[in-house]
Amino acid sequence: MADFDRREFLKLAGGTVGASLVAGCSSGGGGGDTTKVGTVYGTGGLGDGSFNDQAKQGLEQAKAELDITYEESQPESNSEFATDQQQYAQDGSFDLVNCVGYAQKDALATNAADFPDQRWALVDETVDQDNVASYRFREEAGSYLVGELAGLLTQREFSAGSGATNPDATTVGFVGGIETPLIKKFEAGFTAGVNDVSEDIDVLSSYVGSFNDPSAGQSQARSMFNSGADIIYHASAATGDGVFRAAQDIGRFAIGVDRDQSVTKSDFADVVLASMVKRVDTAVYNAINAVANGNFAGGETTRLGLEDDGVAAVYGDQLGAEIPQSVKDAVSKSRTELIAGDIDVPTEP
């Protein structure tokens, strides 16, 4: 697939935010014994157009291709993770319990020890126990590419859709959700990509303290735009809706995360330059497929990067065609160099 192309994603499956448990679904997929899967999503639930919906896509792919049944939990706070995980383990009939999101690590570390016969998968963190298969991503590499994109565009006069760069400044921004080592990887990669274009470009960074507060995201983004930023990259799940709204209000640009947010947040397609896609769906599907085929990778951590499409930078559905070819060529060249190991990207800002 061509570097930095848009990817076509499966249509989002529906879900109700805040539901504690959703009835199981079955597929008419492959033969053999049916695999029963439980999934605990991150806070914010389904419909976020980002991380949780990407995980749902992997679950739906498994339902379509494999012989599985599944149940889902949508915790409303981190304090519910332990209980929601336990309900599947205590049932005793689930072949795998997927825990989606780094914030579930502590609860899972305890539950995996308390239920040693239960097979677990953790997406976005590592629990080093024999009954846990962990999946992580090289977010810094994908973030480097969108940072380079932002750096190249902020240096020129560029307009597309409802946005335009600020001719009076070479400034970009990063808005994070909760300040954790994981989200700092997004910031670190983005900043490195910008700085490798030019160290004279200012990078503004801030953390909202929540993944589900669009109002705070809008406020922080407006402040950055008013301080001269013309492009803001967010790694803040549903909080990012506020970043997109601020970009529309002021006539600047934003970069999405986890999914192609010019598609999943189509109301903002006129300001979304690109998205750093994180293939959470691949991790969820691979975990289920491994169990279904007797290849559960307990005690191992799988890292997904650019080389296996675990992360990718994709152009916006509406604005991608407007981005100059010279910029696209530079980003494509960097992708090749990143895969070859010729560019060293930090994981801390």
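Reading the values: rules and limits
- Residues numbered from 1 in each chain as written.
- Predicted model: local features only at pLDDT ≥ 70, side-chain atom pairs only at ≥ 80, totals over all residues.
- Heavy atoms only, no water.
- Phe/Tyr/Trp six-rings, centres within 6.5 Å; stacked < 30°, edge-to-face > 60°.
- Helix = DSSP H or I, 4+ residues; strand = E, 2+ residues; numbered from the N terminus.
- Buried < 20%, exposed > 50% of the residue type's maximum accessible area, 1.4 Å probe, protein only.
- Lys NZ or Arg CZ within 6 Å of the ring centre and 35° of its normal.
- pLDDT = per-residue confidence, 0-100.
- Contact = heavy atoms within 4.5 Å.
- Core = buried A, V, L, I, M, F, W, Y, C linked by side-chain atoms within 4.5 Å.
- Patch = residues over 30% accessible without salt bridge, like charges linked within 9 Å, V, L, I, M, F, W, Y side chains within 5 Å.
- Areas by Shrake-Rupley, 256 points an atom, 1.4 Å probe, with all protein chains shown as cover.
- Salt bridge = Lys/Arg side-chain N within 4 Å of Asp/Glu carboxyl O.
- Lys, Arg positive; Asp, Glu negative; His and termini not counted.
- Charge placed at Lys NZ, Arg CZ, Asp CG, Glu CD.
- Pairing = 2+ DSSP bridges.
- Axes fitted to C-alpha atoms, helices over the stretch in contact; angles between N-to-C directions.
- Left-handed = near helix turned anticlockwise from the far one by under 90°.
- Nonpolar A, V, L, I, M, F, W, Y, C, P; charged D, E, K, R; others polar.

## Notes on the packing of aromatic side chains
This model, assessed by the stated rule, comprises seven aromatic pairs. Relative to F253, the ring of F158 has its centre 5.5 Å away and its plane inclined at 40°; by these criteria the two rings are tilted. Of this pair, F158 sits in the loop between α4 (139–154) and β7 (159–160) while F253 sits in strand β12 (residues 253–258); the two residues are 95 residues apart in sequence, bridging distant segments of the chain. Residue class for F158 comes out buried when judged on its relative accessible area of 7%. On the basis of relative accessible area, F253 is assigned to the buried category, the value being 0%. An aromatic cluster is built from F174, F190, Y207 and Y233, whose rings are joined through pairwise contacts. A cation sits over an aromatic face here: K36 above F94, 4.5 Å from the ring centre. Just above the ring of Y315 sits the side chain of K328; from NZ or CZ to the centre is 5.0 Å.

## Quick notes on the confidence of the model for the chain
Detailed reading of the predicted coordinates is not advisable wherever pLDDT is low. When the pLDDT values of the chain are averaged, the result is 90; 91% of them are 70 or greater. Note on residues 1–31: pLDDT under 50 across the span, and 82 contacts to partners over four residues away in sequence or across chains.

## Here we look at the nonpolar core
If you look at the biggest cluster of nonpolar residues, it comprises 68 residues, and the most contacted ones within it are F186, Y233, L273 and I288. Sort the elements by how many residues they give to this core and α4 lands first, with eight residues. For I288, the residues in contact, after removing those within four places along its chain, are V37, L59, A62, L66, I68, L96 and N98.

## What about a negative patch on the surface?
A surface patch of negative charge is lined by D196, E199, D200 and D202. Position of D196 relative to the elements: it lies in helix α5 (residues 181–197). For D196, a relative accessible area of 53% gives the class exposed.

## Considerations on the sheet that holds strand β11 (residues 231–235)
Strand order in the open sheet formed by six strands is β10-β9-β11-β12-β13-β15, with mixed pairing between adjacent strands. The two strands at the open ends of the sheet, each matched to only one other strand, are β10 (202–207) and β15 (311–315). In this sheet, neighbouring strand axes are inclined to one another by 20° on average, regardless of whether the strands run parallel or antiparallel. Pairing of strand β13 (residues 272–278) with β15 involves five bridges; the strand directions are antiparallel. Within the sheet, the bridge partner assigned to A274 lies in β15 and is Y315.

## Describing the packing of helix α1 (residues 51–65) against helix α9 (residues 280–292)
The N-to-C vectors of α1 and α9 enclose an angle of 40°; their axes lie 7 Å apart at closest approach. As for the relative orientation of α1 and α9, their crossing is right-handed in sense. Listed contacts from α9 to F51, Q54, A55, Q57, G58, L59, Q61, A62 and E65 of α1 are V280, D281, V284, Y285 and I288. Its residues assigned to classes, the contact of α1 with α9 comprises eight nonpolar, four polar and two charged.

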